[in-house]
Amino acid sequence: EAGVVQSPRYKIIEKKQPVAFWCNPISGHNTLYWYRQNLGQGPELLIRYENEEAVDDSQLPKDRFSAERLKGVDSTLKIQPAELGDSAVYLCASSLEFHEQFFGPGTRLTVL
Amino acid sequence: GENVEQHPSTLSVQEGDSAVIKCTYSDSASNYFPWYKQELGKRPQLIIDIRSNVGEKKDQRIAVTLNKTAKHFSLHITETQPEDSAVYFCAASKTGGFKTIFGAGTRLFVKA
C-alpha cells in the first residue's frame, strides 16, 4: 500500500513569491492534516480536514496561507506571498481511525 | 493554551543502557498519547501509543506509561541500539477535537 505522497520534496523561492504544496493521502483515509515543522521543533498543526471540510484551521495564518481539499482526497496548501519566516518543512499526514496518523516525507521550503 | 512539554531535549546513552523520555500535558481532556520517531531528514513514524484507559503498554524494547492524575507520560527504551538514535516526539490529543499537540522533541544519541 502506498504511503502519503507529497510534492515537491524541496522548494526554494524568493520572499514575496507564491508557493504551493501538494499531498495525496493514503487511500481511504478521510482525515488529512497539514503541519509545519520548524528546525528542532515538533510538528505544529496548520489545518485538519474531515473529507473535504476544514474542521480545524485555527492555527492557519489566513492572511497568507490557504488550503483546499477538493473531492475529499488530495489537498493543496498555498502560501502567498511567502516570507522569510515561512522556511520550514511542511508535513502532510492522514488517518482513517481517530488518532493514528501517517506522515508524508514533507516538503522542505526555503525562502530567500 | 494547550501544550505538551517534553524532557530532556537531548539524551545520550551507551549502547545497551535504557533511555527514558518524559512528557507532561496541560489539557486534562486528552485521551490519546502517541510517540513518534523521526530520523534525520525523514518523516515522523509512530512507534507506540497509549490511550487513557490504560496505564502501561509495552512492545518489545519500548514501553509507555501514563499517569492521568499527574498528566504525564513517559517512553522507555531498553537495551538501546545505535539504530535507536533519532528524535522522538510525544504528543497528546483528544476525541472530538482530533487536535494533536506535539512536544518539542528529544534527540537521542546511542553510543556504540
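Residues numbered from 1 in each chain as written. Chains lettered and ligands numbered in written order. Predicted model: local features only at pLDDT ≥ 70, side-chain atom pairs only at ≥ 80, totals over all residues. Heavy atoms only, no water.

J.: When you look at the overall build of chain B in this model, what are you seeing that I'm missing?
T.: Counting its secondary structure elements, chain B contains 0 helices and 11 strands. Helices and strands in chain B line up, N terminus first, as β-β-β-β-β-β-β-β-β-β-β. Relative to its length of 112 residues, chain B is compact, with a C-alpha radius of gyration of 13 Å against a globular reference of 13 Å. Reported as C-alpha extents along the three principal axes, the dimensions of chain B are approximately 45 × 30 × 20 Å. Sorting the 112 residues of chain B into buried and exposed places 43% on the buried side. When contacts within chain B are restricted to residue pairs at least 6 apart in sequence, those whose partners lie at least 24 apart make up 54%. (Helix = DSSP H or I, 4+ residues; strand = E, 2+ residues; numbered from the N terminus. Rg over C-alpha atoms; globule rule 2.2 N^0.38 Å. Buried < 20%, exposed > 50% of the residue type's maximum accessible area, 1.4 Å probe, protein only. Contact = heavy atoms within 4.5 Å.)

J.: In this structure, what is going on with the sheet that holds strand β3 (residues 19–25) of chain B? I would like to understand it.
T.: Sheets are built from strands paired through backbone hydrogen bonds, the pairs being either parallel or antiparallel. Residue and element names in this part refer to chain B. Reading across the sheet, the 5 strands line up as β1-β3-β8-β7-β6 and stay open at both edges, with antiparallel pairing between neighbours. Here the strands that pair on one side only, and so sit at the sheet edges, are β1 (4–7) and β6 (56–59). Here the strands of the sheet are splayed against their neighbours by 15 degrees on average, with no regard to which way each runs. Where strand β7 (residues 62–67) and strand β8 (residues 72–77) come together, 6 bridges link them in antiparallel fashion. Across the sheet, Val-64 pairs through a bridge with Leu-75, a residue of β8. (Pairing = 2+ DSSP bridges. Axes fitted to C-alpha atoms, helices over the stretch in contact; angles between N-to-C directions.)

J.: Can you walk me through the interface of chain A and chain B in this structure?
T.: How big an interface is tends to be reported as the loss of accessible area on association of its parts. Every contact between the two is made by 24 residues of chain A and, on the other side, 21 residues of chain B. Summing the contributions of chain A and of chain B, the shared interface buries around 1,800 Å²; its carbon and sulfur component is 55%. At the boundary of chain A and chain B, one finds 0 salt bridges. Summed over the shared surface of chain A and chain B, the result is 3 residue pairs in polar contact (both at pLDDT 80 or more). Here the side of chain A that touches chain B takes 4 residues from strand β4 (residues 31–37) of chain A, the largest share from any one element. When the residues that make up the side of chain A that touches chain B are grouped by side-chain class, the tally is 9 nonpolar, 10 polar and 5 charged. (Buried area = accessible area lost by both parts, 1.4 Å probe. Salt bridge = Lys/Arg side-chain N within 4 Å of Asp/Glu carboxyl O. Polar contact = N/O pair within 3.5 Å; in protein donor to acceptor, adjacent residues only side chain to side chain. Nonpolar A, V, L, I, M, F, W, Y, C, P; charged D, E, K, R; others polar.)

J.: Looking at this structure, I do not really get the nonpolar core. What am I missing?
T.: Looking at soluble globular proteins, one finds that nonpolar side chains tend to be buried together. Counting residues in each nonpolar core, the largest one holds 23 residues, and the members touching the most others are B:Trp35, B:Phe73 and B:Leu108. When contributions to this core are tallied by element, the ones reaching two or more residues are β2 (10–14), β3, β4 (32–38), β5 (45–51), β7, β8, β9 (86–93) and β11 (106–111) of chain B. The next biggest cluster of nonpolar side chains, apart from the first, holds 21 residues, and it includes A:Trp34, A:Ile47, A:Leu60 and A:Leu109. (Core = buried A, V, L, I, M, F, W, Y, C linked by side-chain atoms within 4.5 Å.)

J.: Mind showing me how you'd approach the sheet that holds strand β7 (residues 65–68) of chain A here?
T.: All names here are of chain A. Pairing is antiparallel in the open sheet, where 4 strands are placed in the order β1-β3-β8-β7. Looking at the sheet topology across the chains shown, the edges are occupied by β1 (5–7) and β7. Strand-to-strand, the axes of this sheet are offset by a mean angle of 15 degrees, without reference to chain direction.

J.: Could you clarify how one ought to interpret the packing of aromatic side chains in this entry?
T.: What characterises a pair of aromatic rings is the spacing of the ring centres plus the angle enclosed by the ring planes. Residue and element names in this part refer to chain B. Per the stated rule, a full pass over the model turns up 11 aromatic pairs over all chains. Where Tyr-25 meets Phe-73, the ring centres are 6.0 Å apart and the plane angle is 55 degrees; that geometry is what we call tilted. Taken as a pair, Tyr-25 in strand β3 and Phe-73 in strand β8 lie far apart in primary sequence, 48 residues in all. Here Tyr-25 falls in the buried class, since its relative accessible area comes to 5%. (Phe/Tyr/Trp six-rings, centres within 6.5 Å; stacked < 30°, edge-to-face > 60°.)

J.: Would you mind showing me how to read unusual backbone geometry here?
T.: Outside of glycine, negative phi angles account for most residues, and trans bonds account for most peptide bonds. Residue and element names in this part refer to chain A. Cis geometry is adopted by the peptide bond preceding Pro-8, which originates at Ser-7 and carries an omega value of -5 degrees. By the element assignment, Pro-8 lies in the loop between β1 and β2 (10–13). At the junction of Gln-80 and Pro-81, the peptide bond is cis and its omega measures out at -5 degrees in the coordinates. The phi angle at Lys-16 is positive, at roughly 80 degrees, despite the residue not being glycine.

J.: Can you help me understand the state of the cysteines in this one?
T.: Note: disulfide means a covalent bond formed between the sulfur atoms of two cysteine side chains. Residue and element names in this part refer to chain B. Per the stated rule, a full pass over the model turns up 2 disulfides over all chains. The disulfide partner of Cys-23 is Cys-90, and the S-S distance across this bridge is 1.9 Å. Between Cys-23 and Cys-90 the disulfide shows an S-S torsion of about -100 degrees. By sign, it is left-handed. With Cys-23 in strand β3 and Cys-90 in strand β9, this residue pair connects regions lying 67 residues apart in the sequence. (Disulfide = S-S within 2.5 Å.)

J.: When you look at the environment of A:Gly42 in this model, what are you seeing that I'm missing?
T.: The topology assignment puts A:Gly42 in the loop between β4 and β5 (44–50). Ignoring anything within four residues of it in the chain, the contact list for A:Gly42 reads A:Arg36, A:Gln37, B:Phe89, B:Phe102, B:Gly103 and B:Ala104.

Purely geometric stuff here, so don't read any function into it on its own.
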